[in-house]
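Tertiary structure, described
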Amino acid sequence: MRFTAQKIADFLGGSIEGNVDVEVTGISKIEEGGNETLSFLANPKYENFLYTTNSSIVLINRNLKLQKAVNCTLIRVDDAYKAFATLLELYQQSKVAPVGIDKMSSIDTKASLGKDIYIGTFSIICKNAKIGNNVLIYPQVYVGENVTVDDNTTIFPGVKIYSDSQIGKNCVIHSGVVIGGDGFGFAPQTGQDHQKVPQVGNVIIEDNVEIGSNTTIDRATMGSTIIRKGAKLDNLIQIAHNVEIGERTFIAAQTGVSGSTKIGKDCLIGGQVGFAGHITIGDEVKIGAQSGIPSNIKNGAVVQGTPAIDLINFQKSSIVFKLLPELRKEIINLKKELEEYKKDK
Amino acid sequence: MRFTAQKIADFLGGSIEGNVDVEVTGISKIEEGGNETLSFLANPKYENFLYTTNSSIVLINRNLKLQKAVNCTLIRVDDAYKAFATLLELYQQSKVAPVGIDKMSSIDTKASLGKDIYIGTFSIICKNAKIGNNVLIYPQVYVGENVTVDDNTTIFPGVKIYSDSQIGKNCVIHSGVVIGGDGFGFAPQTGQDHQKVPQVGNVIIEDNVEIGSNTTIDRATMGSTIIRKGAKLDNLIQIAHNVEIGERTFIAAQTGVSGSTKIGKDCLIGGQVGFAGHITIGDEVKIGAQSGIPSNIKNGAVVQGTPAIDLINFQKSSIVFKLLPELRKEIINLKKELEEYKKDK
Amino acid sequence: MRFTAQKIADFLGGSIEGNVDVEVTGISKIEEGGNETLSFLANPKYENFLYTTNSSIVLINRNLKLQKAVNCTLIRVDDAYKAFATLLELYQQSKVAPVGIDKMSSIDTKASLGKDIYIGTFSIICKNAKIGNNVLIYPQVYVGENVTVDDNTTIFPGVKIYSDSQIGKNCVIHSGVVIGGDGFGFAPQTGQDHQKVPQVGNVIIEDNVEIGSNTTIDRATMGSTIIRKGAKLDNLIQIAHNVEIGERTFIAAQTGVSGSTKIGKDCLIGGQVGFAGHITIGDEVKIGAQSGIPSNIKNGAVVQGTPAIDLINFQKSSIVFKLLPELRKEIINLKKELEEYKKDK
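Bear in mind that the values here come from a model prediction, so they are computed numbers and not experimental data.

This paragraph deals with the environment of Lys343(C). Residues and elements named next belong to chain C. Looking at where lysine 343 falls in the secondary structure, it is placed in helix H4 (residues 311-344). The exposure class of lysine 343 is exposed, given its relative accessible area of 68%. Expressed as a C-alpha distance, the spacing of lysine 343 and glutamine 166, which sit 177 residues apart in the sequence, is 77 Å.

In structure tokens form, the structure reads like this:
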């Protein structure tokens, strides 16, 4: 595939500065660009690369003022990052998706299958599972009894989905994800082994959710563990029984959410954060990486630390933490001096 | 299945307040209850739901004093939570377990198989493995050479068990668990790639252990990594080589235990805790989430923080941490004032 | 296999104290030794075991001065730990590696296969994948399109390798590892579900790398995520898109590295450490467990804490953290006393 600057600018609604006929065949980062590649510049931090890049075409924001001359052809758009993402997606879509049901898969006769689906080698679809249209199920996947997977969802190799789970439309679920394992529930019994509390609920994943590799989402004890529409979960995240993650909330890798906690919509949650159980996090909350959240958080709060406090407070206190040995000496000195005054007096 | 309040009360040894003939067909949380469902109330925090629930029957503790009238039928028992767990288990057991050996599994001719077992599609049982009676091995599981899996144990889809591991009776092992991978052992060699130390030990998991999804338990360098009877491990936990976890100890998700550390019995360990290697943790120790444990801990200690200190101390110090910028200013002010006195003097 | 002390000493270039004819058939830890086993003592902390062990032969450092008489035969070598590791490796190599292509595997006709390889049951090799010589691919592995796996590499059961990934020579990849999953990249869109940024880069793993169970390594957005020669990654680690890990760097379990961060060579990184994105860590850096790294670190630095500071500073400040409630009281007292002076004055 070859595209001219003119063709790309027309598609993106952008304006060209430079050679309208220059052609590209691939994409690259601006600092790694070469002949016939297209790049973008969104973060002003990287503006220097614009003047040295070997990329043939660079997408930039409409309002960017150039500091120097450039060697490449520029296409100005409203949001260079988004425009680039759109191009990437086109590029991706141009790859042919697999289709058909591999003869070395195992499909129960009571499973229901949509149109134009792919089921890969050594994958298993159990009794009463329902697979929607255009679903891609890569090899070695396990889809348990009564599971539903709705239209246009992609499930990568080796995902395990326990019985009764529901997966929405347009979801992407990466390798090694486990959906619907038992919640961690036991009735303690002194001096004996603890009694397992059967976990009879399920997991519901709504539309447009993406779940990263090896993340685990436990089924509810009763009722449902719910990942709301448009939420994005990174790798190696733990979602316990009866948790609810709000719409469009982002969670970075290795964060853990304990049982029955509800997180609001449009939150940004850093990596390695831990949430206590049975708490409620508001909407549009931002939580710094490695924070520990012991209690409820209000809408719009921005916090960090273990236990988490206001972000600015955390940053200021962290600076003083570094000085603590010194401060302690000063307190000891002050005490001594005051005692000497007492004597003098 | 339909059950009357009378039938349930007889089974649990409970006493009824209300309609002995009311029937239930399912179970639910008290706040989500509907017609013909049974719920329970154990935590006084949720007592309000008792007066508003739509559940038909609610199990409560024998000694609970009602504040208002209720609409539902009550069954009073010694421990409402345990009674409910017992009912849940009955409910669960009423589901038919799979049985038989799938013809698309791979069983070595030198493996030994017990009675009434299930081996699912695309599962593999290697040479000299021994599978006990009533064992359920779900699809896509790997059971390596010389592995033993004792009676009544359930292994969910996709578990990987390396050679020589031993799994006890009545264990539950969830999807994505890896048992017996190599310990992280290398002999450093300056300026060259480090030399791998072969890991020739194994993993022993005793009876009644449950292990959550995607948890990893490494084999011992020599000897055994041991998970003792009745221990319960949540999801995404890391157990390094030669670790020993004591009887009935609970470990919450994403905790990591470094090589050769021994944890006692009846401990409660929060999520995302990290243990240094070669240390010893006593019995009945409680450790708050996200703690870092650099050294030995005595029996019965209750700790939190990185490095972990006494829990109450941690909580008090955390309050002062928040005030540090202010305290620093006060110290600076005190210093100034004292210096002025000096001048005056 | 039986070996005399003489044979072992000759092989290691060691000198014998005791019975040159004593024979061993296995290996064990010094504190668990028995008749006909060989052990080693490297850490002076465990020297007491030397005088009580039941092992028949113990490897010790050439310069160790005995405090008491021993019952075993000693072999003195320059480095007892390394010598033992060498013997372990021989022991390991004496086990016969599997070979051949299982007939219940699935190999694309356009895949290229080297000599003397093993491909296990239910494993899949996709189109245009290239497998080198002496590669061991255990059961239930997925090797995606265009993946290369170079000579002498071992891939344990259930590993998933997405398309376009490159794996070097002599690597060891443990069960449940996911290589090449999509990076966590979305273009936020207020009030709508966020737009996925297609991830069109790949993962490159150089020679002599070991990767622990259930670790995840995401593909680059563009370009490559790179694990350099000789790096060793423990279990459950998260490596985000476009990260680079330097040569011979060790990373302990459950650490997470955010997008585009570069870590230098010969670093030692503890468990549960978190790295922010887009930062650069120098060579020979040491980072304590559970640290949070928000910004660049220079060559040779030794740090701990969240945010990480100089290790000694962290340890001193942690001691004062414990004393904070007390220090606060002292500040309040000092203030009161000073105010009383003011009044008096």
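Here we take up the domain arrangement of chain A. Assigned domains within chain A: domain 1 (3-94) and domain 2 (310-344). A C-alpha centroid distance of 54 Å is found between domain 1 of chain A and domain 2 of chain A.

On to the interface of chain C and chain A. Counting from both sides, the interface comprises 71 residues of chain C and, opposite them, 60 residues of chain A. For the pair chain C and chain A, the two sides together bury roughly 5,300 Å², of which 63% comes from carbon and sulfur. Interface area lost by chain C to chain A is led by Phe184(C), Asp193(C) and Met222(C), which between them contribute 13%. Viewed at the interface, chain A and chain C are joined by three salt bridges. The partner of Glu210(A) in a salt bridge is Lys196(C), and the shortest N-O contact between them spans 2.8 Å. Mapped onto the side of chain C that touches chain A, the elements with two or more residues apiece are strand S21 (178-181), strand S22 (186-187), strand S23 (195-196), strand S26 (216-218) and H4 of chain C. Considering every element that reaches the side of chain C that touches chain A, the biggest residue donor is H4(C), with 17 residues. Residues that form the side of chain C that touches chain A fall into these classes: 30 nonpolar, 31 polar and ten charged.

A few words now on the relation of the copies chain C and chain A. With an axial shift of 0.0 Å and an RMSD of 0.1 Å, the rotation relating chain C to chain A amounts to 120 degrees. As the rotation angle and translation indicate, the two copies are arranged about a three-fold axis.

Note: disulfide means a covalent bond formed between the sulfur atoms of two cysteine side chains. Residues and elements named next belong to chain A. Under the definition given, this model contains zero disulfides over all chains. Here cysteine 126 is not disulfide-linked; the sulfur of cysteine 171 is the nearest cysteine sulfur, at 20 Å. With relative accessibility at 14%, the residue cysteine 126 sits in the buried group. A disulfide-free cysteine, cysteine 267 has its sulfur positioned 19 Å from the sulfur of cysteine 171, the nearest such atom. On the basis of relative accessibility, which here comes to 1%, the residue cysteine 267 falls in the buried class.

What follows concerns the packing of helix H3 (residues 311-344) of chain A against helix H4 (residues 311-344) of chain B. In contact at an axis separation of 8 Å, H3(A) and H4(B) are set at 30 degrees when each is read in the N-to-C sense. Note on packing geometry: the crossing formed by H3(A) with H4(B) is left-handed. Its residues placed into classes, the contact of H3(A) with H4(B) shows 17 nonpolar, three polar and seven charged.

The next point concerns the interface of chain C and chain B. Many descriptions give the size of an interface as the accessible area lost when the pieces come together. Between chain C and chain B, the contact holds 60 residues from the first and 70 residues from the second. Summed over both sides, the interface between chain C and chain B buries roughly 5,300 Å², with carbon and sulfur atoms accounting for 63% of that surface. Three residues stand out in chain C for area buried against chain B, namely Phe321(C), Ile331(C) and Leu338(C), and they jointly supply 10% of the buried area on that side. At the boundary of chain C with chain B, the tally comes to three salt bridges. At the junction of chain C with chain B, the criterion picks out 30 residue pairs in polar contact (both at pLDDT 80 or more). Counting only elements with at least two residues in the side of chain C that touches chain B, the list comes to helix H3 (80-93), strand S28 (232-233), strand S31 (250-251) and H4 of chain C. By residue number, the principal contributor to the side of chain C that touches chain B is H4(C), which donates 13 residues.

Residue and element names in this part refer to chain B. Of all five residues in strand S5 (residues 37-41), five are buried, a share of seventy percent or more. Residues Thr37, Ser39 and Leu41 line one face of S5 and the alternating positions Leu38 and Phe40 line the opposite face, and both faces are buried. Both strand S4 (residues 26-27) and S5 contribute to a ladder of two bridges, which runs parallel. Of the residues in S5, the one forming a bridge with glycine 26 is threonine 37. Of the pairings in the sheet, the one linking S5 to strand S6 (residues 57-61) comprises four bridges and is parallel in character. When the bridges of S6 are listed, leucine 41 appears paired with isoleucine 60.

Residue and element names in this part refer to chain C. Taken together, the twelve strands give an open sheet; going across it, the order is S8-S11-S14-S17-S20-S25-S28-S31-S34-S37-S39-S40, and neighbouring strands pair in mixed fashion. At either margin of the open sheet sits one strand with a lone partner, and together these are strand S8 (100-101) and strand S40 (309-310). In terms of strand pairing, S28 meets S31 through two bridges, oriented parallel. Considered in S31, the bridge of leucine 233 is made with isoleucine 251.

Residues and elements named next belong to chain C. With 14 residues, H3 extends 20 Å between its outermost C-alpha atoms, agreeing within 8% with the 20 Å of an ideal straight helix rising 1.5 Å per residue. Packed against the buried residues of H3 are helix H1 (5-12), strand S4 (26-27), strand S5 (37-41), strand S6 (57-61) and strand S7 (73-77). Here H3 starts with a cap whose side-chain oxygen sits 3.1 Å from the backbone nitrogen of tyrosine 81, and that cap is aspartate 79.

This part is about the pattern of salt bridges. Counted according to the given criterion, the structure contains 42 salt bridges over all chains. Between Arg62(A) and Asp78(A) there is a salt bridge whose closest N-O contact spans 2.7 Å. Residue Arg62(A) is located in the loop between strand S6 (57-61) and strand S7 (73-77), and its partner Asp78(A) is located in the loop between S7 and helix H2 (80-93); the two are separated by 16 residues in the primary sequence. A salt bridge links Lys229(A) to Asp193(C); the nearest nitrogen and oxygen atoms lie 3.3 Å apart. Of this pair, Lys229(A) sits in the loop between strand S27 (224-227) and strand S28 (232-233) while Asp193(C) sits in the loop between S22 and S23, placing the two residues on different chains. Judged by its relative accessible area of 33%, Lys229(A) is partly exposed. Residue class for Asp193(C) comes out buried when judged on its relative accessible area of 14%. Each of the salt bridges in this network shares a partner with another, and the network as a whole consists of Arg2(A), Glu23(A) and Glu36(A).

Conventions adopted
- Residues numbered from 1 in each chain as written.
- Chains lettered and ligands numbered in written order.
- Predicted model: local features only at pLDDT ≥ 70, side-chain atom pairs only at ≥ 80, totals over all residues.
- Heavy atoms only, no water.
- Helix = DSSP H or I, 4+ residues; strand = E, 2+ residues; numbered from the N terminus.
- Buried < 20%, exposed > 50% of the residue type's maximum accessible area, 1.4 Å probe, protein only.
- Domains from an automatic or database assignment.
- Contact = heavy atoms within 4.5 Å.
- Buried area = accessible area lost by both parts, 1.4 Å probe.
- Salt bridge = Lys/Arg side-chain N within 4 Å of Asp/Glu carboxyl O.
- Nonpolar A, V, L, I, M, F, W, Y, C, P; charged D, E, K, R; others polar.
- Least-squares fit on C-alpha atoms with pLDDT ≥ 70 in both.
- Disulfide = S-S within 2.5 Å.
- Axes fitted to C-alpha atoms, helices over the stretch in contact; angles between N-to-C directions.
- Left-handed = near helix turned anticlockwise from the far one by under 90°.
- Polar contact = N/O pair within 3.5 Å; in protein donor to acceptor, adjacent residues only side chain to side chain.
- Pairing = 2+ DSSP bridges.
- Expected span 1.5 Å × (residues − 1).

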